[in-house]
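# Residue-level structural notes
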Amino acid sequence: MSKLTRFLSHLLQIVIIHGLSVSCTSDDNPFSLLDTEYIEFVPKGKIISQSSKEIHVTDEKTKLLLYDHILYLQDMSLTVTFQLVSDNPLKISIGKTYGYFNLYSDRIEIYSYAGSDIQPQINETLDLPHNLKQGITYKAGFNKTISGVEFFLIGGDLSVKRYYNADEDFMQYVMPGKTFVAVNSGDVMINGAVISSTTNENPLIHIIGDSFIEGAALPQFGYNINERWCIKLAHEISEEKCMIDGRGGDKVGAEWFERLKTECGLLKSKYVFICMGTNNYYMLDQYSEYMTKAISFLHSNNQIPILVTVTPRIGMNYQSTAGIINEWVKNSGELYVDFHAALTEPDDPSQWRREYMLPDGIHPSPKGYDAMYECLVSSMPELFESSSTTESQN
């Protein structure tokens, strides 16, 4: 296990559990946190000027540039522009806490997510045609879309790209955690580090949710990850108008609320779908507390919240879990989509329609996602009317 991996894992754990920032100033710490503001999020079409940052690793301490927010956007990229300033042995790590690559002078090692609280595992090593050279400007990073992720290194006569389809290698695709650039050894000039997205700066819709939105269960059972209702919506109104954030196992709570506020500050949509609650069945007070805060925040930010009802869980009493959340949603006074009604038996709200559920007993099948999308279309025609209006204005 590398010292970088240990540190980043520890960092993510601290942030998620305690909500704290990390200081890397102690003498026995193998890291030096150089900057938490250098890496910037830049909306599509915007151009910024970043100062250069020359980094030398002379004291065996990894030099870390950290974007101090957790993003789960399914359409995002990181581009790091740099030059070598010596022939000393090089190792730069670029990516996110649980999905990144190590760049050496002669190769790239790509690491993938291995599960919650498990260290990332090396997935693949790519040998470079020749060593990196001084005097060449290189760009390295990743491009993540709703269908897959590509890692890249470009500069001079080098053009190395490796694409991973989300259906074929979801663990490489998912990439949880914080975005970072770390110089473990060598001497480099960082000329810029930018996070971006192909989503519009002011998209029509922002969808934030749990595993129903992330879609990890679909490829586990041999289905295409783009069977999700949120992808059908994005394809209908255009992907650049629909920002999607899905994180398996996510709960309505403090960390989730902070991420919601961060994303709404980066790309401000007209509508915000809050597709949460299936992991709050034993934390109902926390659900109502932070949903109330989220709704209040969105209204103050001139955004329109759209809530969803949630499905029953095998082994749990519907009336004391999902049923309470669904009553809260229906009595909230906000717009909502009744996904629960779309997926369950008409005469028994505690039972899924069997063909709408995957064998895991938790997540929707492709037919279930179809039913959810049909429910959305019939419940929220204004979303499609807004999209058509925007198209005509453009």
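For the structure given in this document, a descriptive report is provided here.

Calculation criteria
- Every chain is numbered on its own, with residues counted from 1 as its sequence reads.
- Per-residue local features are limited, in this predicted model, to residues with pLDDT of at least 70; the limit for side-chain atom pairs, both in listing and counting, is 80 or more; totals at the level of whole chains, interfaces and linings are taken over all residues.
- As a rule here, side-chain values cover all heavy atoms of the structure and leave hydrogens and water aside.
- Elements are defined by DSSP. Helices are runs of H or I of four residues or more, strands are runs of E of two residues or more, and each kind is numbered from the N terminus.
- The globule rule is 2.2 Å times the number of residues to the power 0.38, and the radius of gyration it is compared with is taken over C-alpha atoms.
- Summary of the burial criterion: residues with accessible area below 20% of their type's maximum are buried, those above 50% are exposed, and those between are partly exposed, where the area comes from a 1.4 Å probe applied to protein chains only.
- Contact criterion: two residues are considered in contact whenever any of their non-hydrogen atoms come within 4.5 Å of each other.
- All accessibility values rest on the Shrake-Rupley procedure with a 1.4 Å probe; residue burial counts only the protein chains present in the view.
- Under the counting rule used here, the positive set is Lys and Arg, the negative set is Asp and Glu, and His together with the chain ends is not counted.
- Here the site of a charge means atom NZ of a Lys, CZ of an Arg, CG of an Asp or CD of a Glu.
- Here is the rule: rings of Phe, Tyr and Trp (six-membered ring for Trp) pair when centre to centre is within 6.5 Å. Planes less than 30 degrees apart are stacked, more than 60 are edge-to-face, and the remainder are tilted.
- DSSP bridges decide pairing: two strands pair if at least two such bridges lie between them.
- For helices, the axis comes from a line fit to the C-alpha atoms of the stretch in contact; other axes are also lines fit to C-alpha atoms, and the angle between any two N-to-C directions lies between 0 and 180 degrees.
- Salt bridges are defined by distance alone: a side-chain nitrogen of Lys or Arg within 4 Å of a carboxyl oxygen of Asp or Glu.
- If an angle is under 35 degrees, it is roughly parallel; if it is over 145, roughly antiparallel; if it lies from 65 to 115, roughly perpendicular; otherwise it is oblique.
- The hand of a helix crossing depends on one turn: near helix anticlockwise from the far one by less than a right angle means left-handed, and clockwise means right-handed.

### Structural notes on the overall build of the protein
- Check the secondary structure of the protein and you find 11 helices and 21 strands.
- Taken against the 2.2 N^0.38 rule, which gives 21 Å for 394 residues, the C-alpha radius of gyration of the protein at 22 Å falls within 12% of a compact globule.
- In terms of principal-axis extent, the alpha carbons of the protein reach across some 70 × 50 × 40 Å.
- The 394 residues of the protein split such that 57% are buried.
- Within the protein, residue pairs in contact and separated by at least 24 positions form 73% of the contacts whose partners lie at least 6 positions apart.
- With the model as given, the accessible surface of the protein reaches about 16,400 Å², and the carbon-plus-sulfur share is 47%.
- Distance from the positive charge centre (31 side chains) to the negative charge centre (49 side chains) of the protein: 2 Å.

### Here we look at the packing of aromatic side chains
- In total, this model carries 15 aromatic pairs according to the counting rule given.
- Judged by centre distance (5.8 Å) and plane angle (65°), the ring pair of Tyr100 and Phe180 falls under edge-to-face. Here Tyr100, found in strand E7 (residues 99-104), pairs with Phe180, found in strand E13 (residues 178-185); they are 80 residues apart in sequence, far enough to count as distant.
- The buried category is assigned to Tyr100, whose relative accessible area is 1%.
- What makes Phe180 buried here is its relative accessible area of 0%.

### Describing the sheet that holds strand E6 (residues 91-96)
- The sheet built from 7 strands is open, its strands ordered E1-E4-E13-E6-E7-E8-E9 with mixed pairing. Every other strand in the sheet has two partners, leaving strand E1 (31-35) and strand E9 (121-127) as the edge strands with one partner each. Ignoring which end each strand starts from, the neighbouring axes of this sheet average 20° apart.

### Quick notes on the sheet that holds strand E16 (residues 242-246)
- Read from one edge of the open sheet, 5 strands run E16-E15-E17-E18-E19, paired in parallel fashion. Sheet topology places E16 and strand E19 (335-337) at the edges, where each strand pairs with a single neighbour. Strand after strand, the sheet turns through a mean of 20° between neighbouring axes, direction not considered.
- Inspection of the sheet shows strand E15 (residues 205-209) paired to strand E17 (residues 271-275) by 5 bridges, in the parallel sense. Among the inter-strand pairings, Ile208 is bridged to a residue of E17, identified as Ile274.
- Helix H5 (residues 229-237) rests against E15, E16 and E17 of the sheet, and its axis sits at about 165° to E16.
- Most of the contacts of helix H6 (residues 254-266) go to E15, to which it runs at about 160°, and overall it touches E15, E16 and E17.

### A word on the side chain of Asp250
- With respect to the secondary-structure elements, Asp250 resides in the loop between E16 and H6.
- Residues in contact with Asp250, not counting those within four places in the same chain, are Asp210, Glu255, Trp256, Arg259, Met276 and Asn279.

### Points about unusual backbone geometry
- For Ser238, which is not glycine, the phi torsion reads 100° and is therefore positive.
- For Ser238, the position within the fold is in the loop between H5 and E16.
- At Asn302, a residue that is not glycine, the phi angle is positive and equals roughly 60°.
- Relative to the elements of secondary structure, Asn302 occurs in the loop between helix H7 (284-300) and strand E18 (304-308).
- Residue Asn302 is classed as exposed on the basis of its relative accessible area of 63%.

### A look at the pattern of salt bridges
- This structure, assessed with the given rule, holds 18 salt bridges.
- Among the salt bridges present, the one from Arg107 reaches Glu109, with a minimum N-O distance of 3.5 Å.
- Judged by its relative accessible area of 25%, Arg107 falls in the partly exposed class.
- A relative accessible area of 11% means that Glu109 is categorised as buried.
- With a closest N to O distance of 3.6 Å, Arg247 and Asp250 form a salt bridge.
- Residue Arg247 is classed as buried on the basis of its relative accessible area of 15%.
- When its relative accessible area of 4% is taken as the criterion, Asp250 is described as buried.
- Taken together, the shared-partner salt bridges connect Asp245, Arg247, Asp250, Glu255, Arg259 and Glu263 into one network.

### Description of the packing of H5 against helix H10 (residues 366-379)
- At a minimum axis distance of 8 Å, the contact between H5 and H10 shows a crossing angle of 50°. Between H5 and H10, the angle falls in the class oblique. Between H5 and H10 lies a crossing of right-handed hand. For the pair formed by H5 and H10, the contact residues are Trp229, Lys232, Leu233 and Glu236 on the first element and Tyr369, Asp370, Met372, Tyr373 and Leu376 on the second.

### Here's the deal with the pairing of strand E21 (residues 348-352)
- Note that strand E20 (residues 344-345) and E21 share 2 bridges and pair antiparallel. Note that in E21 the partner of Glu345 across the bridge is Asp348.
- The antiparallel pairing of E20 with E21 creates a hairpin that spans 2 residues between the two strands.

### Digging into the pairing of strand E10 (residues 138-144)
- With 5 of its 7 residues buried, E10 lies for the most part within the structure.
- As judged from the 7 bridges shared by strand E5 (residues 76-84) and E10, these two strands associate in the antiparallel manner. Note that in E10 the partner of Met76 across the bridge is Lys144.
- The pairing of E10 with strand E11 (residues 148-155) spans 6 bridges and is classified as antiparallel. Bridge assignment links Lys139 to a residue of E11, and that residue is Ile154.
- From the end of E10 to the start of E11, which pair antiparallel, there are 3 residues.

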